[in-house]
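# Secondary and tertiary structure notes
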Amino acid sequence: MWVELLGMRASVHACGQSLLDAIHDEATPLVGAVFDLTLPGMSGFELAKALRRLEPDLPLVAITGLAEHEMARHGTLPAGIPCLSKPFDLDALDLAFAFSSH
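This section reports on the structure supplied with the text.

### So, the nonpolar core
Membership of the largest hydrophobic core comes to 18 residues, with the highest contact counts inside it found for Phe35, Leu37, Leu47, Leu51, Leu60, Leu77 and Ile81. Those elements that provide at least two residues to this core are α2 (16-25), β1 (33-36), α3 (44-54) and β2 (60-64). Counting residues per element, this core draws most heavily on α3, which supplies five residues. Excluding residues that lie within four positions of it along the chain, Phe35 makes contacts with Gly44, Leu47, Ala48, Leu60, Val61, Ala62, Ile63, Leu77 and Ile81. Counting residues in each nonpolar core, the second largest holds seven residues, with Val61, Ile63, Leu84 and Leu93 among its members.

### A word on α2
Every buried residue belonging to α2 is among Gly16, Leu19, Leu20 and Ala22, and all of these are buried. In an axial view of α2, the angular spread of the buried residues amounts to 160°, which keeps them on one side of the axis. Residues of α2 that are exposed and angled more than 90 degrees away from the buried face: His24 and Asp25. Check the buried side of α2 and you find it contacts α3.

### So, the side chain of Ser43
By the element assignment, Ser43 lies in the loop between β1 and α3. Under the relative-accessibility criterion, Ser43 is labelled buried at 18%.

### Quick look at the pattern of salt bridges
This structure, assessed with the given rule, holds one salt bridge. Where Asp36 meets Lys86, a salt bridge forms, and the shortest distance between an N and an O atom there is 2.4 Å. In this pair, Asp36 sits in strand β1 while Lys86 sits in the loop between β3 (83-85) and α5 (90-100), placing the two residues 50 residues apart along the sequence. Of the residues examined, Asp36 reaches a relative accessible area of 14% and is grouped as buried. For Lys86, a relative accessible area of 42% puts it in the partly exposed group.

Conventions and cut-offs
- Residues numbered from 1 in each chain as written.
- Predicted model: local features only at pLDDT ≥ 70, side-chain atom pairs only at ≥ 80, totals over all residues.
- Heavy atoms only, no water.
- Core = buried A, V, L, I, M, F, W, Y, C linked by side-chain atoms within 4.5 Å.
- Buried < 20%, exposed > 50% of the residue type's maximum accessible area, 1.4 Å probe, protein only.
- Helix = DSSP H or I, 4+ residues; strand = E, 2+ residues; numbered from the N terminus.
- Contact = heavy atoms within 4.5 Å.
- Arc of directions from axis to C-beta.
- Salt bridge = Lys/Arg side-chain N within 4 Å of Asp/Glu carboxyl O.

Structure, rendered in structure tokens:
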């Protein structure tokens, strides 16, 4: 709903590979992504790196329910990708998305 309030079309994917496949299959370009770090199959960390390789300037925001010490075991995000801890409000998401766009 947040994405649609911004005048964009949202799509939901159950895993990172699904999003990557959709990017290649759809005519509509991806203008940003909000993704969880704990995804089935490819992790959110791996997805972030794959998205950065495809589109280095794409606005990305990671979200997680992991504690900081748990995140360190899973890897690191590429520079410039903010990570919001759950629960978060839409103002925090707006700020994170704006930050990642610059």
